[in-house]
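# Summary of structural features
Single-letter residue listing:
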2 protein chains.
Amino acid sequence: MKRLDEFARIVLLTEGASNHFVGKTAICMLRYRTDDICAVLDSEEQGKTANDLFHVGGAVPVVGSLDEVENADALVIGIAPPGGKLPANWRHIILTAISRKMTVVSGLHDFLANDDEFRIAAKSAGANLIDIRRNDENRTATGEPFSQDCFRVHTVGQDCSVGKMVVSVELQRALIKRGINAGFAATGQTGIMISGNGIPIDCVVADFVNGAAERLVRSMEHHEMVVIEGQGCITHPAYSAVTLGLLHGCAPQAMVLCYEAKRTHVKGFSDTPLQPLENLISLYEQMATVRVPSKVVAIGLNSRLLSEEEFRAEKDRVSNELGLPVCDVIREGADSLADAVLEYRRNITQ
Amino acid sequence: MKRLDEFARIVLLTEGASNHFVGKTAICMLRYRTDDICAVLDSEEQGKTANDLFHVGGAVPVVGSLDEVENADALVIGIAPPGGKLPANWRHIILTAISRKMTVVSGLHDFLANDDEFRIAAKSAGANLIDIRRNDENRTATGEPFSQDCFRVHTVGQDCSVGKMVVSVELQRALIKRGINAGFAATGQTGIMISGNGIPIDCVVADFVNGAAERLVRSMEHHEMVVIEGQGCITHPAYSAVTLGLLHGCAPQAMVLCYEAKRTHVKGFSDTPLQPLENLISLYEQMATVRVPSKVVAIGLNSRLLSEEEFRAEKDRVSNELGLPVCDVIREGADSLADAVLEYRRNITQ
């Protein structure tokens, strides 16, 4: 079976839901695997380009059906289906892809391979179904120290969907530009689709979350640095188990705290205000330091809702308040984050 | 199918491993369901009593085979198998129980029902297999507040296996003695076997841990108080994901911190010293308070390794240092814990 990063004629399925709020997987695939995407499939937006819909992906065409695409090798479900269940017309598209022997890739909690109709169709057509979240992690963490020669940086967040994965990938790239042998450890379905590797940490059985994170990092210890994608938030009402297990499993020496400007409440929890950044820095540092001494060394600002002027003001304000570099990697690239991480590593290893 | 608390002629399987370190499930079943246990099965200790082996369970006989027991209705696997895999002679005992139509109850991570030989034998004999850890929890937490009329107490720990479940059960009983309508929310296999209800929280998929804990408490909101059994430790290298998801899901107003005297390192992690109790109080209170204001109101001391004199000294020392009541529920009963919880509830609801 092909590895995820070997597909080069991918169709992204965002049928009926091509917007910024639900299209995280699609947007990141368009951003980081542009050359491997041959079309976006959304019959309601047919004739536009990816850039029209998502402000990334350039001229990648938006098509109305698979008939318009030649030699496609994979159909990637690019969004969570509205309402959680696969709509009827999605089922039809997936079955068409299967009949063409395309591999269908899904990051949903409900596995394609558990759907009798898809499974039988795939078997009969000789097509593959890849459920990114499927895993059989079944070992607990050992707690054994990592190699001294592998510096671990972890992106942590004020909330879900603030840009931890994007900051991780951009930071890795900025480190590589400086000649650092840096790896990106993906822990969510989008990161795994981009990098072709990783662990869907939110779908691991609770007893094995710390262990799965530990093994992921262990498998990348040959890198001089590993940037580990964070998940959720340590104070999130629903996902804190994932966040803390990942934090303790990867035992980072440095953290980058990510947030989105103008967000006031936990996403989807309108009665739960976000914790202030200074509280979160204190909590993340206390909780990480029970494994190894660990500091938040920079702030990843997602300023997509701000004007350029508002962005400058926000950046200055937060940087002054926290005494840390603040950077929006989409506007500025991740150079200042890479500088902060490298400077911190120099200081603690002297 | 019978509920777990309806079996009344239970055989506890501890074959070849009847000691205090591995027999947690067996010991707690003997302590809290004495009248429902008709035998302990360990051919190496045949002829002794439960009290000889475990210092609980009185005259319950230790037998060498199921042939010596009449009308047994369930075989409960009372320990984790040495080495993690079921030894060959255990398989034989389980198959014998199945052939007698006994229900076989297991709290192991490897499910009996996934074992072809057991599944086929059970089907053919008409016997039931109960895997306590099996669950299909698949909803995330809502974060919605619990009823104001249901006070939530959570036992938290310095480590695994320090006595959180025993403290929870004893506290519930002491509260009931005072006329409080108190429930016990079991979150581990032994607690579930004792109470007949609960959620095996360490075996829930990570994204749903907080949600499973929330729903467990929600199902018990008709109680005036619920004592929620804790798991692991918030700083545990391997199990902190479970601990924090449970803490945030049940959103306790009061906590009882449990520890075992003379333990210096995390159980099974000889290089990891335990966090001092004062650090843990601070971390648990900070992390719990992001959901609702929450305090550690008492300390549950497991003094099984101490003499009576050492116990008195330890109790005085820790109580003075932390300014909290300290109680070993096995030596003293849980009256002082119940007093501390009730006084705290009075203070915050005035």
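Residues numbered from 1 in each chain as written. Chains lettered and ligands numbered in written order. Predicted model: local features only at pLDDT ≥ 70, side-chain atom pairs only at ≥ 80, totals over all residues. Heavy atoms only, no water.

## A few points about the overall build of chain A
A count of helices and strands for chain A gives 12 helices and 12 strands. Principal-axis analysis of the C-alpha atoms gives chain A an extent of 60 × 50 × 45 Å. In the form shown here, chain A has an accessible surface area of approximately 14,100 Å², with 48% of it arising from carbon and sulfur atoms. Across chain A, 35 positive and 45 negative side-chain charges occur, with their mean positions spaced 3 Å apart. (Helix = DSSP H or I, 4+ residues; strand = E, 2+ residues; numbered from the N terminus. Areas by Shrake-Rupley, 256 points an atom, 1.4 Å probe, with all protein chains shown as cover. Lys, Arg positive; Asp, Glu negative; His and termini not counted. Charge placed at Lys NZ, Arg CZ, Asp CG, Glu CD.)

## A look at the interface of chain B and chain A
If you look at the interface, chain B gives 36 residues, while chain A gives 36 residues. Carbon and sulfur atoms make up 60% of the area that chain B and chain A hide from each other, which totals about 2,800 Å². The largest contributions to the chain B side of the interface with chain A come from B:Ala206, B:Asp207 and B:Ala241, which together make up 18% of the buried area. Inspection of the region where chain B meets chain A yields one salt bridge. (Contact = heavy atoms within 4.5 Å. Buried area = accessible area lost by both parts, 1.4 Å probe. Salt bridge = Lys/Arg side-chain N within 4 Å of Asp/Glu carboxyl O.)

## Thoughts on the relation of the copies chain B and chain A
Rotating chain B by 180° about the axis while translating it 0.0 Å along that axis superimposes it on chain A, leaving an RMSD of 0.0 Å. What we have between these two chains is a two-fold relation. Interface overlap between copies: 100% of the residues of chain B at the interface are likewise at the interface in chain A, consistent with a symmetric, same-surface contact. (Least-squares fit on C-alpha atoms with pLDDT ≥ 70 in both.)

## Considerations on the pairing of strand S9 (residues 225-228) of chain A
Residue and element names in this part refer to chain A. A two-sided burial pattern is seen for S9, the buried positions comprising Met-225 and Val-227 on one face and Val-226 and Ile-228 on the other. As defined by bridge partners, strand S8 (residues 182-185) adjoins S9 across four bridges and the pair is classed as parallel. The residue bridging Ala-182 from the neighbouring strand is Met-225, located in S9. (Buried < 20%, exposed > 50% of the residue type's maximum accessible area, 1.4 Å probe, protein only. Pairing = 2+ DSSP bridges.)

## A word on the side chain of A:Ser303
All names here are of chain A. Position of Ser-303 relative to the elements: it lies in the loop between strand S11 (295-302) and helix H10 (308-322). In terms of polar contacts, Ser-303 uses its side chain to reach the side chain of Asp-328, at 2.5 Å. Looking at Ser-303, its side chain comes within polar contact range of the side chain of Arg-331, at 2.6 Å. Here Ser-303 is in contact with Phe-311, Asp-328 and Arg-331, once residues within four sequence places are set aside. (Polar contact = N/O pair within 3.5 Å; in protein donor to acceptor, adjacent residues only side chain to side chain.)

## Thoughts on unusual backbone geometry
The phi dihedral of A:Ser161 is positive, around 50°, even though this residue is not glycine. A residue is classified by how much of its surface remains accessible, and A:Ser161, at 28% relative accessible area, is partly exposed. One non-glycine residue, B:His55, lies in positive phi territory at about 60°. Along the chain, the position of B:His55 falls in the loop between helix H2 (50-54) and strand S3 (62-63).

## Some details on the pairing of strand S4 (residues 74-77) of chain B
Strand residues, when the strand is regular, have side chains that alternate between the two faces of the sheet. All names here are of chain B. A two-sided burial pattern is seen for S4, the buried positions comprising Ala-74 and Val-76 on one face and Leu-75 and Ile-77 on the other. Examined bridge by bridge, strand S1 (residues 10-13) and S4 share four bridges and lie parallel to one another. Bridge pairing in S4 links Leu-12 to Val-76. Alignment of S4 against strand S5 (residues 103-106), held across three bridges, turns out to be parallel. Its bridge partner lying in S5, Leu-75 is registered against Val-104.

## Describing helix H4 (residues 116-125) of chain A
Residues and elements named next belong to chain A. For H4, the complete set of buried residues consists of Phe-118, Ala-122 and Ala-125. Taken around the axis of H4, the buried residues stretch over an arc of 75°, which confines them to a single face. In this structure, H4 carries Ile-120, Lys-123 and Ser-124 as exposed residues pointing more than 90 degrees from its buried face. Packed against the buried residues of H4 are helix H3 (88-99) and strand S6 (129-131). The N-terminus of H4 is capped by Asp-115, whose side-chain oxygen sits 3.1 Å from the backbone nitrogen of Glu-117. Of the residues trailing H4, Gly-126 is marked for its positive phi of about 75°. (Arc of directions from axis to C-beta.)

## Notes on the pattern of salt bridges
Residue and element names in this part refer to chain A. According to the stated counting rule, one finds 51 salt bridges over all chains in the structure shown. The residue Glu-224 makes a salt bridge to Arg-345 at a minimum N-O spacing of 3.2 Å. Here Glu-224, found in the loop between helix H7 (209-218) and S9, pairs with Arg-345, found in helix H12 (residues 335-349); they are 121 residues apart in sequence, far enough to count as distant. Overall, Glu-224 belongs to the partly exposed group, its relative accessible area being 27%. Ionic pairing is found between Arg-263 and Glu-260, a salt bridge with its closest N-O pair at 3.0 Å. Glu-260 carries the same exposure label as Arg-263, and that label is buried. One salt-bridge network, held together by shared partners, links Asp-159, Glu-260, Arg-263 and Arg-304.

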